[in-house]
Every structure is written in C-alpha cells, then in structure tokens.
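Listed here are the chains, written in short residue letters.
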Amino acid sequence: MYQLPVPTPYAVGPVNVYLIKNDPVTLIDVGPGTAKAGEVLKDMLSSLGVGIKEVKRIIITHAHPDHCGLAADIAGDSNATVFIHRLEEKKLRGSHDYFKERLPFVLEAGIPAEVLTEMAGERAKLPPPGLRGAVNVEILADETLVFDGGELMVMHLPGHSPGHVCLYDPERKYFFSGDFLLPHITPNPVLEPDPEKPGKRLPTLKQYLGGLDRVEALDITMVCPGHGGVFSDYKGVIEAGRRHHRFQFDRIMEKLRGRELSTFQLSREIYPNLKGWEVFLGLSEVQAHLDLLTEWGKTYCFKKQGVVYYTNP
C-alpha cells in the first residue's frame with residue numbers, strides 16, 4: 001500500500017490517494033479533476049512502476065470533488081471498474097445540482113441574499129465530477145473486495161457524506177478512513193437532503209457519532225486517512241472528535257440562553273470570519289448540532305417569515 005498526496009485548491013490541503021499494487025491494481029480515491037492533480041498522480045504512479053492503464057479498480061470513498069474528480073478520466077483510459085456507494089453514485093450522474101438540492105435548507109437558515117450570492121459563486125473551485133467515460137460501475141454495500149493476498153471489508157459510514165464508505169483490512173488491520181476519521185480536524189457533518197424523506201435533512205451528526213462507535217470497536221493498527229498522515233491512535237482521535245462535538249453542543253446552548261437565533265445568526269457568532277463556501281460549511285456544522293439538540297429536547301424551533309429560529313426550552 002502506498003499513500004500518494006495529490007494537490008487540491010482547498011484549505012484542507014492535499015488529498016490522499018492510496019495505491020494497492022496487488023492484483024487487481026486498485027486506487028482508493030483519485031484526487032480532484034484538475035490538470036495539475038492528474039499530472040502529479042501519474043508521475044507518482046510511474047515512479048512506483050504503475051501506469052494508468054494498469055489500474056483495474058477505483059474505489060471512491062465519497063463523491064466530494066477533491067476525492068473523485070479524476071475517476072472518469074482514469075476509468076476511461078484504463079477501463080477500470082469504479083466502485084462507489086449508490087448514494088454517492090447518483091451525485092455523479094446526469095444533471096445533479098448540489099446547490100439547488102440544499103437551497104431550501106440554506107434559505108430557512110436565514111442567510112442574507114448577498115451572502116448567498118457570494119457563497120454560491122465561491123463553490124466552483126473545482127470542475128463538477130462525474131462518471132462520464134466510466135463504462136463499468138459497481139455499487140458498494142457491506143461486502144468484501146478480494147485482492148491477490150488480501151481483502152478489504154467495505155463499511156458504510158455516513159455523516160460527512162450520505163454514501164461515505166471506509167475500508168478495513170482484517171489481516172493487517174489497516175483502516176482506510178476517507179474523510180470519516182482525520183488526524184488533524186473533525187469532518188464537517190455536511191448539510192444533506194434525506195433521499196428517503198423529501199423536504200427533510202439527513203441527521204448527519206447522529207449518523208457520524210453512531211459510526212464512531214462502530215469504528216472504535218474495530219482492532220486497528222493504522223488509519224490511512226483522506227487528508228493528513230497515517231496514524232495509529234484511532235481511539236484518541238475518536239475521543240477528540242466526541243470532545244469537539246460536546247464543546248459545540250455546550251457553546252450553542254450558551255449562545256441561545258434567553259435568545260432566539262437562526263442557524264445563520266448562530267453560525268456568524270461561532271464562526272465570524274468565514275467567507276464564500278466556508279459559510280455553507282459553518283451552517284452545516286451548526287445545523288447538525290441544532291438538529292440533535294432539538295431531538296434531545298434541549299432546544300426547540302419555530303418558523304417566522306420563512307426562517308427557522310431556535311431557542312432554549
């Protein structure tokens with residue numbers, strides 16, 4: 001297994017592509033769909049004695065563009081099979097409009113028109129990913145992918161993205177975590193529409209916290225994350241994530257004490273310096289915590305002139 005850091009235009013920095021040279025030659029994630037990323041990836045593969053045409057399998061952890069942008073090009077060049085969860089595959093097919101799907105939730109969060117315009121204009125740092133040219137696409141579930149001399153168990157772990165998958169090697173006890181578990185930051189519980197309940201949001205933070213319990217129960221020797229270096233103290237990282245969310249719950253409760261605030265107003269108080277698309281990520285973080293606090297009965301909400309406000313009971 002080789003870790004190949006590929007550049008992205010995002011503040012999080014490079015994304016990690018993982019090469020498994022055992023037959024069938026496999027890439028776990030591929031990097032963003034930019035010329036620079038493509039050149040860097042091809043050069044690193046070449047230095048390891050692997051040409052693009054030798055890649056037989058591409059596993060996408062999730063459909064965020066920094067992880068999957070090159071999938072169609074590589075699959076088109078190599079005839080590799082792309083493996084992806086069904087909830088991520090639909091984002092890469094046809095005329096999926098990421099922003100339009102989330103617009104009703106963003107508007108009810110109380111975002112001003114000028115901030116909405118700035119946010120929408122900033123998102124397109126990368127070309128929208130797709131699966132054009134990928135002839136063979138396999139949908140991932142909780143299954144096992146077999147290699148010459150090993151295997152990877154697929155684990156569906158949503159929370160950062162609805163169809164996010166991680167991969168576990170039960171022999172070496174490696175865990176390929178995508179963006180689910182990162183060494184230096186807590187992944188954003190991105191605001192997502194519920195595919196099963198039109199007009200509703202997915203309980204992304206609830207999903208994520210439940211997934212942490214599943215991962216904590218594994219026996220892991222090394223975590224191979226989507227960003228940052230590999231690490232072994234996965235239980236420490238899991239506890240740091242839980243601690244972060246407990247802090248966020250407490251901070252939101254304190255901000256709401258005796259007040260009525262929209263999600264946007266709360267996010268501005270917690271993250272006053274966010275610009276562009278980062279405003280959406282701040283909204284997502286705050287909304288995910290509000291959804292759980294409301295489910296627990298620690299906050300309640302009401303709608304006024306199309307905007308949802310939250311307060312303490």
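What comes next concerns the included structure. (Residues numbered from 1 in each chain as written. Predicted model: local features only at pLDDT ≥ 70, side-chain atom pairs only at ≥ 80, totals over all residues. Heavy atoms only, no water.)

1. Observations regarding the overall build of the protein
Now for step 1: The helix and strand tally for the protein stands at 10 helices and 14 strands.
Now for step 2: Relative to a compact globule of 313 residues, whose C-alpha radius of gyration would be 20 Å, the protein shows 20 Å and is just as compact.
Now for step 3: Residue pairs at least 24 apart in sequence account for 65% of intrachain contacts in the protein once pairs closer than 6 positions are excluded.
Now for step 4: Carbon and sulfur atoms make up 52% of the accessible area of the protein, which totals about 13700 Å².
Now for step 5: For the protein, the separation between the mean place of its 35 positive charges and that of its 40 negative charges on side chains is 4 Å. (Helix = DSSP H or I, 4+ residues; strand = E, 2+ residues; numbered from the N terminus. Rg over C-alpha atoms; globule rule 2.2 N^0.38 Å. Contact = heavy atoms within 4.5 Å. Areas by Shrake-Rupley, 256 points an atom, 1.4 Å probe, with all protein chains shown as cover. Lys, Arg positive; Asp, Glu negative; His and termini not counted. Charge placed at Lys NZ, Arg CZ, Asp CG, Glu CD.)

2. Examining the environment of Phe264
Now for step 1: Along the polypeptide, Phe264 turns up in helix α9 (residues 263–270).
Now for step 2: Note on Phe264: relative accessible area 8%, which makes it buried.
Now for step 3: In this structure the C-alpha to C-alpha distance between Phe264 and Ile58, which are 206 residues apart in sequence, comes to 38 Å.
Now for step 4: Those residues within four positions of Phe264 in sequence are excluded, and the remaining contacts are Ala109, Gly110, Ile111, Pro112, Val115, Val279 and Leu283. (Buried < 20%, exposed > 50% of the residue type's maximum accessible area, 1.4 Å probe, protein only.)

3. Brief notes about the side chain of Arg57
Now for step 1: Position of Arg57 relative to the elements: it lies in strand β4 (residues 57–59).
Now for step 2: With no salt bridge to any partner, buried Arg57 finds its closest opposite charge in Glu143, at an N-O distance of 7.8 Å.
Now for step 3: One polar contact links Arg57 to Thr26, side chain to side chain, over a distance of 3.3 Å. (Salt bridge = Lys/Arg side-chain N within 4 Å of Asp/Glu carboxyl O. Polar contact = N/O pair within 3.5 Å; in protein donor to acceptor, adjacent residues only side chain to side chain.)

4. A few points about the environment of Glu89
Now for step 1: Note on placement: Glu89 falls in helix α4 (residues 86–89).
Now for step 2: Between the C-alpha atoms of Glu89 and Phe280, which are 191 residues apart in sequence, the distance is 23 Å.
Now for step 3: In contact with Glu89, other than residues within four places in its own chain, are Ile84, Leu131, Val137 and Ile139.

5. A look at the packing of aromatic side chains
Given two aromatic rings, their pairing is described by the distance between the two centres and the angle made by the two planes.
Now for step 1: Tallying each qualifying case throughout the model produces 5 aromatic pairs.
Now for step 2: Ring geometry for Phe180 against Tyr208: centres 4.6 Å apart, planes inclined by 50°, an arrangement best described as tilted. Residue Phe180 is located in the loop between β10 (174–178) and α7 (204–216), and its partner Tyr208 is located in helix α7; the two are separated by 28 residues in the primary sequence.
Now for step 3: Given the relative accessible area of 0%, Phe180 is considered buried. (Phe/Tyr/Trp six-rings, centres within 6.5 Å; stacked < 30°, edge-to-face > 60°.)

6. A short note on the pattern of salt bridges
Now for step 1: For the structure shown, the criterion picks out 21 salt bridges.
Now for step 2: As a salt-bridge pair, Arg102 and Glu101 come within 3.2 Å of each other at their nearest N and O atoms.
Now for step 3: Residue class for Glu101 comes out partly exposed when judged on its relative accessible area of 30%.
Now for step 4: Arg201 is the salt-bridge partner of Glu108, the closest N and O atoms lying 3.0 Å from each other.

7. Side note on the sheet that holds strand β1 (residues 2–6)
Now for step 1: Spatial ordering of the open sheet is given by β1-β2-β3-β4-β5-β6, a layout of 6 strands whose pairing is mixed. One side of each edge strand has no neighbouring strand; the edge strands of this open sheet are β1 and β6 (137–140). Across the sheet, the mean angle separating the axes of adjacent strands is 25° when strand polarity is ignored.
Now for step 2: The sheet contact formed by β4 and strand β5 (residues 81–85) spans 3 bridges and is parallel. Across the sheet, the residue bridging to Ile58 is Val82, located in β5. (Pairing = 2+ DSSP bridges. Axes fitted to C-alpha atoms, helices over the stretch in contact; angles between N-to-C directions.)

8. Some words on the nonpolar core
Now for step 1: In terms of nonpolar packing, the biggest core is built from 29 residues, with Leu27, Val30, Leu41, Leu45, Ile58, Ile60 and Ile74 touching the most fellow members.
Now for step 2: The element contributing the most residues to this core is helix α1 (residues 35–47), with 4 residues.
Now for step 3: Beyond its immediate sequence surroundings of up to four residues, Ile60 is in contact with Asp29, Val30, His67, Cys68, Ala71, Val82, Phe83, Ile84 and Val165.
Now for step 4: Residues Phe175, Val215, Ile220 and Phe231 belong to the second largest nonpolar core, which totals 17 residues. (Core = buried A, V, L, I, M, F, W, Y, C linked by side-chain atoms within 4.5 Å.)

9. Side note on the packing of helix α8 (residues 234–256) against helix α10 (residues 278–295)
Now for step 1: One way to put it is that α8 packs onto α10 with a least axis distance of 10 Å and a crossing angle of 80°. Classified by the angle their axes make, α8 and α10 are roughly perpendicular. In contact with His244, His245, Gln248, Phe249, Ile252, Met253 and Leu256 of α8, α10 contributes Glu285, Val286, His289, Leu290, Leu292 and Leu293.
Now for step 2: When grouped by side-chain class, the residues that make up the contact of α8 with α10 number 8 nonpolar, 4 polar and 1 charged. (Parallel < 35°, antiparallel > 145°, perpendicular 65-115°, else oblique. Nonpolar A, V, L, I, M, F, W, Y, C, P; charged D, E, K, R; others polar.)

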